[in-house]
Amino acid sequence: MTKVSRTIVEVLHAGRADLFVISWSKSEVIEPIPSHTAHSIKELEVGDIFHTQSFVLSSSSLQQPAVSSQEEIVIPRKKTWNKVAVLQALAGTVKRDVTAYDYRFQDDPILSPSGSLDVKILTLAEESGRNVAKYFISTYPKYFQTDYAEPHIPCFMPEVTEPQIEGVSEAALKERIQLRRVTDAVDLYDQLLQGGNTVSLNVTNDLLDLICLYGDRDPVKESFLQQTLSHISQYLTSLPHSENNNAERIFGLLSEPNTRSYSALIQGMVKHGAFSKAIETYTDLRRNGLIGDVAIFNALIRAVWGSYPTFNERVEKSMNFLVEMESQKIKPNLNTFNAVLKCLLNSGKFGRASAFSVFSEMKALNIEPSLGSYNFLIYMFYNAALKDHEEANIAILDNVMNEILGKSFTPQHPEDGFFFTSAMTICLKFNYLELAYKVHELLNVGENWRAKFFELIAQNENIETVLKWYRDLIPSVLSIKKMNFAKDQNVLNEILALMAREKHSVEVQESFAECALDIMKIFDDPNKNITLQWTVSSIICLVRIFLAAQRRAEAWNAVGMFQRNNRVPTVELLTEFLECSMKAGDVDQAVELLKLSAGFCIPDTPKLIQKLQEKFELSETHRSILADLEVEFNFVQ
């Protein structure tokens, strides 16, 4: 590691939260921040992480070398293009239309599934077809070996799943390793040794890799559907480590194991949960005079995260391994730093300060953080706030998005896929609308977090913007009518709330009123096969939609739904309706509304009566009715 990393190691190893301001251009420590200011980590986090030279994650000025004005420009005589350059250029002119039908149904969109049941049936049918095809190919492979393609295209040919080399030989062992037949490979290896044959160290290491990868047993042949459903959790779960397994037995038979042999064994132990044993194996490696490699140290740092329950122990052991990497002249890679960041999770202010030091070290070594690295960072700052419903510092996620916006990322770490979901969840939880637009701009189209993005827009933007994003984000095949969402109570309530939230032009309000009438028909349909119940909030939204469209007759009918559905209106709604009736000069309707208010024993009924009396010169009949209402209301109270 560099001098920077040694400083970081010394600070973290000492268990202190002191931070050092580091100048990459000079590669030296300028000055420490006193410990009494360590508690003010927020100021350092927000101001100095991304935009200053001393604590920057990436900068175009640092990434691009300066070009001298007198440098000679050489124009190449010939440009060599790769084989897919034309396809890449064409692909750059178009982008995916998320509102279109799936490519499988472009010729016949009527076959596209329109409901959850149809999706399930289609998925099962596709899986059945794959299984049938695999069955015939595996049962009658000789009928599928004819190759008509010129030139030969291996990916179009059936996968070879049966060994072709017979007998006991090293070539046969290599074939079984390539076919990932763990049990057959181990048996053949034992037969070779029993027959007095020797197996090269490289082939033995390949066998160790295979055994450690699959946990000393043949891999389970999952169907395509199972692989799709479990691809996220595959790296999190693994088979338990068993004592006296074939990997350890074969490793013990080696007269002179090399670093790769130890690497396979240690990575297998960590993968299958034998963390303490992996650390002991590394000690044996050093005792034999060998040095490790970056894969070994990455596995050991992951083992630290699973071996030690306290944060201080994790940090101490992880930093010890980083020191050993430096002493053995082994350069860390992206997975090394991501493993360190994982060790710093749930560690409070000290972990957050250390995380910035890790990012600085990555910058010094010209290692570009992956989306998983940023996911660890935002998790440290926002996880506690998400759990405890506390206020969060928006500047952290804002600086992260400013840093990575416009960049192109490829999957490099299992955590990369969680970044967009985590970022959009934070935006939705803390109502960060502008940041949500940045997250969307980074990926443009997403599958896992699209619903959160649309929900945030629906909560904050006007109806025109909401409908625009609805057309852009929601596929046509998933429209409300086609997915039968029109019979979903939650969806209907959300639609009513969205239409009632703001006032719009006359044309828009008229459209909303017609839509509200359609929703009333759905609720009141006697032939409906589902149970829909009017709630207080949904009736309130209904009344406000009709009032905004100047349809007092429909609004008054909606007010009557409170009595018919045994619901109690709010004072705010009654006040709003009374003002509308008074503005139209309809005293009779206003008096009927006050009767309704008194019938529900609304506490503010006397105030509403007084408000009507001050506004109009009432007739004797109306004054008598209101007087009776006041007496009756006071008697009930």
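Residues numbered from 1 in each chain as written. Predicted model: local features only at pLDDT ≥ 70, side-chain atom pairs only at ≥ 80, totals over all residues. Heavy atoms only, no water.

**Quick look at the overall build of the chain**
The line we're drawing: Runs of E in the DSSP output that reach at least two residues are strands. Runs of H or I that reach at least four are helices, and both are numbered from the N terminus. Partly exposed describes any residue whose relative accessible area lies between the buried limit of under 20% and the exposed limit of over 50%, with all areas from a 1.4 Å probe on protein chains only and scaled to the type maximum. Throughout, a contact is declared for two residues whenever any of their heavy atoms are within 4.5 Å.
Of regular secondary structure, the chain possesses 31 helices and 2 strands. Counting the 637 residues in the chain, one finds 39% classified as buried. Taking the intrachain contacts of the chain between residues at least 6 apart in sequence as the baseline, contacts between residues at least 24 apart amount to 65%.

**Quick notes on the side chain of R176**
Inspection of the secondary structure puts R176 in helix α6 (residues 170–178). Those residues in contact with R176, other than ones at most four positions away along the chain, are P163, I165, R181, D184, A185 and L188.

**Some details on the pattern of salt bridges**
Threshold: By salt bridge we mean one thing: a side-chain nitrogen of Lys or Arg within 4 Å of a carboxyl oxygen of Asp or Glu.
The tally for this structure, following the rule as stated, stands at 16 salt bridges. Salt bridges linked by common partners bring D206, D209 and R260 together as one network.

**What about a nonpolar patch on the surface?**
So the rule is basically this: Surface patches are defined over residues having more than 30% relative accessible area and no salt bridge, joining like charges when they lie within 9 Å and nonpolar side chains (Val, Leu, Ile, Met, Phe, Trp, Tyr) when within 5 Å. For the area figures, the Shrake-Rupley method with a 1.4 Å probe applies, and any residue is considered shielded solely by the protein chains shown.
A contiguous nonpolar patch, built from V132, Y135, F136, I137, Y140, Y143 and F144 and spanning about 700 Å² of accessible area, is present on the exposed surface. Among the secondary structure elements, F144 is positioned in the loop between α5 (116–139) and α6.

**Let's talk about the UniProt feature "repeat: PPR" (unreviewed entry) in the chain**
What counts, and what does not: UniProt positions are given in the numbering used here, feature names are shortened, and annotations may be inferred rather than shown by experiment.
If you check UniProt for "repeat: PPR" (unreviewed entry), the listed places come out as residues 258–292 and 333–369 in our numbering. The span residues 258–292 is 74% helical and 0% strand by assignment, and the distance between its end C-alpha atoms comes to 10 Å.

**Remarks on the environment of T259**
Just so we agree on the cut-off: Contacts described as polar in this section are N or O atom pairs within 3.5 Å, which, within protein, must combine one atom able to donate a hydrogen with one able to accept it, while residues neighboring in sequence count only if both atoms come from side chains.
Residue placement: T259 occurs in helix α11 (residues 259–271). Separated by 37 residues in the primary sequence, T259 and I296 place their C-alpha atoms 9.0 Å from one another. Excluding residues within four positions of it along the chain, T259 makes contact with L290, I291, G292, D293 and I296. Of note is the side chain of T259, whose polar atom sits 3.0 Å from the backbone oxygen of I291.

**Observations regarding the nonpolar core**
Put simply, the rule is: Take the buried Ala, Val, Leu, Ile, Met, Phe, Trp, Tyr and Cys residues and link them wherever side-chain atoms come within 4.5 Å; each set so joined is a nonpolar core.
L173, Y382, L397, F419 and C427 are the most contacted members of the largest nonpolar core, which totals 94 residues. By size, the runner-up hydrophobic cluster in this structure holds 46 residues, among which are L496, A555, V587 and L608.

**Some remarks on the environment of N566**
Turning to its location among the elements, N566 is positioned in the loop between α27 (561–564) and α28 (571–584). Overall, N566 belongs to the exposed group, its relative accessible area being 69%.

**Section: the packing of helix α23 (residues 489–500) against helix α25 (residues 536–548)**
How we decide: Fitting a line to C-alpha atoms yields each axis, with helices limited to the stretch in contact; the angle taken between N-to-C directions then spans 0 to 180 degrees. Every angle not falling under 35 degrees, over 145, or within 65 to 115 is termed oblique; those three ranges are roughly parallel, roughly antiparallel and roughly perpendicular. Two helices that cross are described as forming a left-handed crossing if the nearer one is turned anticlockwise from the farther one by less than a right angle, and a right-handed crossing if clockwise. Polar here means any residue outside two lists: the nonpolar Ala, Val, Leu, Ile, Met, Phe, Trp, Tyr, Cys and Pro, and the charged Asp, Glu, Lys and Arg; Gly therefore counts as polar.
Following both chains from N to C, one finds α23 and α25 inclined at 40 degrees, their axes separated by 9 Å at the closest point. One way to sum up the angle between α23 and α25 is to call them oblique. Helix-helix and strand crossings are classified by hand; for α23 and α25 the assignment is left-handed. Residues N493, L496, A497, M499 and A500 of α23 touch α25, and the partners they reach there are S538, C541, L542, R544 and I545. Of the residues assigned to the contact of α23 with α25, the class counts are 7 nonpolar, 2 polar and 1 charged.

**Here we look at the packing of aromatic side chains**
The description of an aromatic ring pair uses the distance of the two centres, along with the angle that the planes make with each other. What counts is decided by this rule: The aromatic pairing rule takes the rings of Phe, Tyr and Trp, using the six-membered ring of Trp, and pairs them if the centres are within 6.5 Å, calling planes under 30 degrees apart stacked, those over 60 edge-to-face and the rest tilted.
If you walk through the whole model with that rule in mind, you get 13 aromatic pairs. Taken together, a centroid distance of 6.1 Å and an interplanar angle of 50 degrees make the contact between Y140 and Y143 tilted. Of the residues examined, Y140 reaches a relative accessible area of 38% and is grouped as partly exposed. The structure contains a cluster of three or more aromatic residues connected by ring pairs, namely Y135, F136, Y140 and Y143.

**Focus on helix α15 (residues 334–343)**
Along α15, 8 of the 10 residues are buried, which leaves the element largely enclosed by surrounding structure. Of the positions making up α15, those classed as buried are L334, T336, F337, N338, A339, V340, L341 and C343. N-capping of α15 is provided by N333, with a side-chain oxygen placed 3.2 Å from the backbone N of N335.

**Section: unusual backbone geometry**
Trans is the prevailing form of peptide bonds, just as negative phi is the prevailing case for residues other than glycine. In this model, K329 sits at a positive phi of 60 degrees, which is unusual for a non-glycine residue. With respect to the secondary-structure elements, K329 resides in the loop between α14 (311–327) and α15. One non-glycine residue with positive phi stands out, namely Q550, at about 60 degrees. For Q550, the position within the fold is in the loop between α25 and α26 (552–559). Classification of Q550 as exposed rests on a relative accessible area of 64%.

**Considerations on helix α7 (residues 182–194)**
Just so we agree on the cut-off: Residue count minus one, scaled by 1.5 Å, sets the expected span of a helix.
When the terminal C-alpha atoms of α7 are compared, their 18 Å separation across 13 residues agrees well with the 18 Å that a helix rising 1.5 Å per residue should span. Burial in α7 covers these residues: V182, A185, V186, L188, Y189, D190 and L192. The first or second residue beyond α7 is G196, which carries a positive phi of 85 degrees.

**Considerations on the packing of α26 against helix α29 (residues 587–599)**
Contact geometry of α26 with α29 gives a least axis separation of 12 Å together with a crossing angle of 15 degrees. The angle between α26 and α29 falls in the class roughly parallel. Here α26 and α29 pass one another in a crossing that is left-handed. Contacts between α26 and α29 pair R552, W556 and V559 from the former with Q589, E592, L593 and L596 from the latter. Of the residues that constitute the contact of α26 with α29, the class distribution is 4 nonpolar, 1 polar and 2 charged.

**Things to note about the confidence of the model for the chain**
Formally: Values of pLDDT, ranging from 0 to 100, describe the predictor's confidence in every residue of the model.
Of all residues in the chain, 74% have pLDDT values of 70 or greater, and the mean over the chain is 75. Scored below 50 in pLDDT, residues 445–449 makes 11 contacts in the model with residues more than four places away or belonging to other chains.

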